[in-house]
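The chain contents come next:
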Amino acid sequence: QLNGQSGEETQLEMDKFPFVSLAKTYNTNAQVPDSAGTATAYLCGVKANEGTVGVSAAAVRSQCNTTEGNEVTSILRWAKDAGKSVGIVTTTRVNHATPSAAYAHSVDRDWYSDNEMPAEALQDGCRDIARQLFENIPNIDVIMGGGRKYMFPKNQSDEEYPGMAKHSGTRKDGRNLVQEWIDRMKDKKGHYVWNKKQLLSLNPNNVNYLLGLFEPGDMVYDLERNSETDPSLTDMVDVAIKILRKNPSGFYLLVEGGRIDHGHHEGKAKQ
């Protein structure tokens, strides 16, 4: 349009795909669905209630005691079980609705850490989504996105934003999930990074496992991103593929440009 054309003369990358498929992703209790129920539909193949991830429609949102027995597994789990390498790359929090459907079973998409859960759910034994990321499917090979604060003890200062309370850790259980991951992976060529420089200084040939958490919450809109400190989605995907492709059995990688959705919600076309 800036060149005086209508814009429809140009082909988008997705217009060049050799095949196209259609999927209906309604929720069982909502015609206009949300990202949790829809991610469960396309990652697990099961229609679900709005606001629930990795569980069937027999599970009721926010009711912890409806979780057990209603868990459904995802393509990421199937790929791992088949001996493939697996990864998640998103520009949202790694425990946000879309990525979490790949590994979590939660009756509430908002249970990012135990801090966001009602006491009753914790008493009934439900686990927050951040914990499930590290506990449900052992050894997810690549995890990259935002969501740092949900991995650290409550009020622990963030490395990138020291002294900024809103970016501090949220976990009431006092666990440091990042340190636990580092300890578990130290003999397995596992690397934790939290900025672009650390990410791009890695030699993917020497990395078997990668945890990259680049913001306390969602990553910054690409147009507002600090290109010195924060990797782009392309940067992340590039490194992810170089690590995952070493597996002769192949790999499964979930990639989400997750802030596109937020731009729509906020009516910010340019974002």
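Residues numbered from 1 in each chain as written. Predicted model: local features only at pLDDT ≥ 70, side-chain atom pairs only at ≥ 80, totals over all residues. Heavy atoms only, no water.

Engineer: Looking at this model, I keep getting lost on the overall build of the protein chain. Mind explaining?
Structural biologist: When helices and strands are counted, the protein chain shows nine helices and five strands. Traced from its N-terminal end to its C-terminal end, the protein chain shows the element sequence α-α-β-α-α-α-β-α-β-α-β-α-β-α. Taking 271 residues into account, the globule formula puts the C-alpha radius of gyration at 18 Å, and the protein chain, at 19 Å, falls close to it. Principal-axis analysis of the C-alpha atoms places the extent of the protein chain at approximately 60 × 45 × 40 Å. Across the 271 residues in the protein chain, those meeting the buried criterion constitute 50%. Considering only contacts in the protein chain between residues 6 or more positions apart, those separated by 24 or more positions represent 60%. Total accessible area on the protein chain is roughly 13800 Å²; 50% of this is exposed by carbon and sulfur atoms. Between the averaged position of the 31 positive side-chain charges in the protein chain and that of its 36 negative side-chain charges there is a distance of 4 Å. (Helix = DSSP H or I, 4+ residues; strand = E, 2+ residues; numbered from the N terminus. Rg over C-alpha atoms; globule rule 2.2 N^0.38 Å. Buried < 20%, exposed > 50% of the residue type's maximum accessible area, 1.4 Å probe, protein only. Contact = heavy atoms within 4.5 Å. Areas by Shrake-Rupley, 256 points an atom, 1.4 Å probe, with all protein chains shown as cover. Lys, Arg positive; Asp, Glu negative; His and termini not counted. Charge placed at Lys NZ, Arg CZ, Asp CG, Glu CD.)

Engineer: Explanation requested: the nonpolar core in the structure shown.
Structural biologist: Residues Tyr103 and Met151 are the most contacted members of the largest nonpolar core, which totals 38 residues. Of all elements in the fold, only helix H1 (35–44), helix H2 (75–81), strand S1 (85–93), helix H5 (129–135), helix H6 (177–185), strand S4 (209–213) and strand S5 (251–256) reach the threshold of two or more residues within this core. What Met151 contacts, discounting residues up to four positions off in sequence, is Val94, Asn95, Ala130, Leu133, Phe134, Arg171, Arg175, Asn176, Leu177, Val178 and Leu213. In this structure, Val142, Met144, Ile243 and Leu244 belong to the second largest nonpolar core, which totals 17 residues. (Core = buried A, V, L, I, M, F, W, Y, C linked by side-chain atoms within 4.5 Å.)

Engineer: How should I be thinking about the state of the cysteines in this particular structure?
Structural biologist: Evaluated as defined, the whole model comprises one disulfide. Bridging Cys64 to Cys126, the disulfide has an S-S length of 2.1 Å. Because the sign of the S-S torsion sets the handedness, a value of about 105 degrees for the bond joining Cys64 and Cys126 places this disulfide among the right-handed ones. Within this pair, whereas Cys64 is found in the loop between H1 and H2, its partner Cys126 is found in the loop between helix H4 (119–123) and H5, the two being separated by 62 residues in sequence. The pair Cys64 / Cys126 is uniform in exposure class, with both members buried. Looking at the unpaired Cys44, the closest cysteine sulfur is the one in Cys126, lying at 17 Å. (Disulfide = S-S within 2.5 Å.)

Engineer: Sorry, what's going on with the sheet that holds S4 here?
Structural biologist: Consider a sheet: its strands pair through backbone hydrogen bonds, and that pairing is either parallel or antiparallel. Strand order in the open sheet made by the five strands is S3-S4-S2-S1-S5, with parallel pairing throughout. Two strands lie at the open edges of the sheet, namely strand S3 (190–193) and S5, each paired on one side alone. Across the sheet, the mean angle from the axis of one strand to that of its neighbour is 5 degrees, orientation sign disregarded. With four bridges connecting them, S1 and strand S2 (residues 142–146) associate as parallel partners. In the strand pairing of S2, Val89 is matched with Met144. (Pairing = 2+ DSSP bridges. Axes fitted to C-alpha atoms, helices over the stretch in contact; angles between N-to-C directions.)

Engineer: How do you make sense of the UniProt feature "binding site: Mg(2+)" (unreviewed entry) in the protein chain when you look at a structure like this?
Structural biologist: Cross-referencing UniProt, the feature "binding site: Mg(2+)" (unreviewed entry) maps to His96, Thr98 and Glu256 in the present numbering. Taken together, the annotated residues stretch across 161 residues yet fold into one region, lying no more than 10.6 Å apart by C-alpha. When you line up the elements, His96 lands in the loop between S1 and helix H3 (97–100). With near-sequence residues (within four places) excluded, His96 lies in contact with Arg109, Tyr112, Asp218 and His262. Relative to the helices and strands, Thr98 resides in helix H3. Residues within four places of Thr98 in sequence aside, it is in contact with Ser35, Ala39, Tyr42, Leu43, Leu254 and Glu256. (UniProt positions renumbered as here; feature names shortened; annotations may be inferred.)

Engineer: In this structure, what is going on with a nonpolar patch on the surface? I would like to understand it.
Structural biologist: On the surface, Leu12, Met14 and Phe17 cluster together to form a nonpolar patch covering roughly 360 Å² of accessible area. Mapped onto the elements of the fold, Leu12 is located in the segment before H1. (Patch = residues over 30% accessible without salt bridge, like charges linked within 9 Å, V, L, I, M, F, W, Y side chains within 5 Å. Salt bridge = Lys/Arg side-chain N within 4 Å of Asp/Glu carboxyl O.)

Engineer: Explain the pattern of salt bridges to me, please; I cannot follow it from the model alone.
Structural biologist: Any two side chains of opposite charge can pair, on the condition that their charged atoms come close. With the rule as written, the count across this model stands at 18 salt bridges. For Asp141, the salt bridge is made with Lys80, and the minimal N-O distance between the two is 2.8 Å. Of the two residues, Asp141 is situated in the loop between H5 and S2 and Lys80 in helix H2; the sequence distance between them amounts to 61 residues. Given the relative accessible area of 21%, Lys80 is considered partly exposed. Between Arg171 and Asp173 there is a salt bridge whose closest N-O contact spans 2.7 Å.

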